[in-house]
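Geometric and topological summary
As a plain string of letters, each chain reads:
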Amino acid sequence: MCGICGLYQSDHSVDHALLKAMNNRQRHRGPDDEGYYLSPDHQLGFGFRRLAIIDLSPNGHQPMTNEACAECSRSNESLWIVFNGEIYNYPDLRRELVNAGHEFRSTSDTETVLHGYEEWGVDVVKRLSGMFAFAIWNQNDHTLFMARDRLGIKPLHYYWDGKKFAFASEIKSLLTLNLNTDLDHSAIWDYFTYLYVPTPKTIYKHIRKLPPAHYAIFNGDIKIHEYWDVKNWGTSPLSKGDAADAVRDQLFKSTASHLIADVPVGVLLSGGLDSSAVTAAASNVQRPTSILQSFSIGFDIPEHSELEYAQIVADTFKTTHRTRIVSRQDFSSALDQMIDLYDEPFADGSGLPTLAVSRLAAEYVKVVVAGDGGDETLAGYVRYLKWVEMAQRESGTPSFRKLLYEKILLKTLAPFTGVPKVLGLISAGDIDLRGKRGADRYGALIDPVKVFQKPKLLPDLAREFKDYDDYWYVRKFWRDDLDEVSAMQYVDLKTYLPDDILTKVDRASMAASLEVRVPLLDHAWVELAASLPAEWRFQKSIFRDALVGVLPESILNRSKKGFSAPLLNWQEAQTINGARLGGSALWAWQVYEAWKIKHA
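The structure contained in this document is the topic of the report that follows. (Residues numbered from 1 in each chain as written. Predicted model: local features only at pLDDT ≥ 70, side-chain atom pairs only at ≥ 80, totals over all residues. Heavy atoms only, no water.)

Here we come to the overall build of the protein. When helices and strands are counted, the protein shows 28 helices and 19 strands. Residues counted as buried form 62% of the 600 residues belonging to the protein. Considering only contacts within the protein whose residues lie at least 6 apart along the sequence, 72% involve residues at least 24 apart. Carbon and sulfur atoms make up 49% of the accessible area of the protein, which totals about 22600 Å². (Helix = DSSP H or I, 4+ residues; strand = E, 2+ residues; numbered from the N terminus. Buried < 20%, exposed > 50% of the residue type's maximum accessible area, 1.4 Å probe, protein only. Contact = heavy atoms within 4.5 Å. Areas by Shrake-Rupley, 256 points an atom, 1.4 Å probe, with all protein chains shown as cover.)

This is how it looks when you write it as structure tokens:
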């Protein structure tokens with residue numbers, strides 16, 4: 001895991017000192033080593049910060065170049081790469097490339113990506129299994145190739161103004177340059193809909209995010225292409241029993257591949273179903289001579305703390321378990337931390353505990369696996385339950401009610417959730433959901449700051465966005481050809497997962513110089529889960545079937561508790577400009593106000 005950056009200037013040379021300043025702003029992403037490359041004409045420069053995980057020797061140093069090959073078309077130092085992430089199938093790819101005549105200097109996955117690009121061109125991204133963001137400079141044709149992993153686990157930001165092109169893992173690196181930093185007002189408006197700035201936007205007009213599952217080619221202009229998507233929803237021919245076996249096998253296979261490292265690997269254990277499943281799988285494939293280390297965070301509000309469940313899992317799998325408590329006092333310093341971490345308004349309240357557990361784990365290991373992705377791939381969010389209840393109460397499609405409400409909500413969920421807890425999710429405050437369909441309903445379901453509140457909060461922008469489509473990001477990915485649960489999952493995989501969950505985990509963990517790997521977002525796992533019928537995915541029904549005999553019943557049958565800070569307990573609701581805000585909505589406003597002060 002690393003931090004990468006680069007700068008191209010068509011009108012004058014890249015200054016090494018400027019490149020070093022960009023690189024040092026991301027030092028936390030890679031405190032073990034740093035490296036630089038300047039092209040012969042000095043129009044392009046790369047910077048790299050290394051967190052050494054695979055091939056700890058100097059041979060893993062970056063920027064990295066290709067090998068000499070006097071007998072073929074490849075030439076020495078014609079290609080240069082900076083790479084952030086991990087490729088879990090690199091040993092197989094390496095063997096294939098060696099058989100094709102490539103010569104390797106290291107045992108790093110980075111060199112495999114570089115030679116893969118030599119051999120397969122841009123299609124190399126389709127062969128990679130892992131998390132990544134990288135850039136490759138071709139000195140022969142002055143072309144820059146950049147790519148980001150399928151689910152958006154690793155970030156990549158870029159800037160282009162017609163003369164200067166720059167990229168970096170984090171926005172803070174780009175802000176060391178003399179850039180146009182005009183604000184994107186639509187990004188501010190969007191932030192209060194989603195709690196994050198949606199891709200490809202950032203808070204700055206001229207800084208953009210490369211979308212997940214896309215690559216970009218820059219050679220005087222930038223062209224962006226998609227290379228992967230989830231297309232196989234509900235197509236599996238498996239019986240339910242065989243599907244449960246396949247889910248369990250893929251869990252263990254994905255987790256095993258994510259443990260490849262030349263340093264010890266631990267696990268972030270919340271006590272929920274997903275992290276417990278990953279812990280079970282990691283314990284199963286750990287080397288016999290090593291003891292798996294697990295890390296958990298709790299809160300000073302007992303009803304928000306899951307430490308007792310995490311301890312049950314730790315005891316079951318005999319991990320070396322460590323915990324830490326996050327308190328209201330820690331919350332008081334959270335605003336400054338959030339601004340420093342994310343470089344733009346970002347208001348996921350679980351960012352604070354994620355940072356705390358990352359700092360705890362980083363005291364003992366460099367790498368952990370975690371359970372992120374289970375809710376998106378297996379329809380685990382409470383809002384999906386809420387949608388289904390609304391479909392049951394309204395005169396919706398009878399087949400949809402029968403499929404999801406009668407078969408799943410009443411029968412499958414009753415043993416561990418309790419129907420009385422599920423019923424009554426719709427409150428008087430949700431009146432604006434009624435009558436809405438598709439993307440409009442889902443947008444209204446997820447937005448913490450309602451459409452009617454934003455003009456009060458942002459009166460200076462209200463006129464500019466009077467007729468704005470607040471739910472454009474949901475609408476962009478909403479698919480009417482899917483059943484409604486799959487449609488919600490697809491939207492979340494494309495939006496909330498990369499822009500919120502994975503952004504939170506990346507920035508918080510890398511601030512502690514910790515690498516977090518997510519087996520439940522291995523693309524083979526994602527494709528398997530999507531292929532199963534919606535009623536098996538819904539509320540992780542098939543996952544629970546798969547984990548019978550693997551996890552303790554007290555974990556398998558407990559109701560869901562999200563990993564979030566107890567914002568409602570730590571602060572009272574307030575009225576801001578006539579809008580009543582509490583919880584995540586109030587936190588979003590406080591983060592924005594703090595960001596404005598720092599930006600000014």
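For the rest of this paragraph, the subject is the packing of aromatic side chains. This structure, assessed with the given rule, holds 35 aromatic pairs. Both rings, one in Phe192 and one in Tyr592, keep their centres 5.3 Å apart while their planes meet at 80°; by these two values the pair is edge-to-face. In this pair, Phe192 is assigned in helix 6 (residues 185-194) and Tyr592 in helix 28 (residues 583-599), connecting sequence segments 400 residues apart. Both residues of the pair, Phe192 and Tyr592, belong to the buried class. Taken together, the aromatic side chains of Tyr8, Trp137, Tyr158, Trp160, Phe165 and Phe218 make up a single cluster linked through ring pairs. Above the ring of Trp387, the side-chain terminus of Arg441 is found at 5.6 Å from the ring centroid. Above the ring of Tyr309, the side-chain terminus of Arg558 is found at 3.8 Å from the ring centroid. (Phe/Tyr/Trp six-rings, centres within 6.5 Å; stacked < 30°, edge-to-face > 60°. Lys NZ or Arg CZ within 6 Å of the ring centre and 35° of its normal.)

Among the secondary structure elements, Trp233 is positioned in the loop between strand 12 (222-226) and helix 7 (240-257). Here Trp233 is in contact with Arg479, Leu482, Ser486, Gln489, Tyr490, Leu493, Ala530 and Arg537, once residues within four sequence places are set aside.

With that out of the way, let us pick up the sheet that holds strand 17 (residues 515-517). Pairing in this open sheet of five strands is parallel, and the strands run 15-14-13-16-17 from one edge to the other. The sheet is open, and its two borders are formed by strand 15 (320-326) and strand 17, each paired with just one other strand. The mean angle between the axes of side-by-side strands here comes to 30°, regardless of whether they run parallel or antiparallel. Examined bridge by bridge, strand 13 (residues 265-268) and strand 16 (residues 367-369) share three bridges and lie parallel to one another. The residue of strand 16 that forms the bridge with Gly266 is Val368. (Pairing = 2+ DSSP bridges. Axes fitted to C-alpha atoms, helices over the stretch in contact; angles between N-to-C directions.)

A few words on the pattern of salt bridges. For the structure shown, the criterion picks out 33 salt bridges. The shortest N-O distance in the salt bridge between Asp32 and Lys366 comes to 2.6 Å. Residue Asp32 is found in the loop between helix 1 (16-24) and strand 2 (33-38), and its partner Lys366 is found in the loop between helix 12 (351-362) and strand 16; the two are separated by 334 residues along the sequence. The class of Asp32 is partly exposed, set by a relative accessible area of 38%. For Lys366, a relative accessible area of 27% puts it in the partly exposed group. Two residues, Asp92 and Arg95, come together in a salt bridge whose shortest N-O distance is 2.2 Å. Taken together, the residues span about one helical turn, with Asp92 and Arg95 both in helix 2 (residues 90-99) at a distance of three residues. (Salt bridge = Lys/Arg side-chain N within 4 Å of Asp/Glu carboxyl O.)

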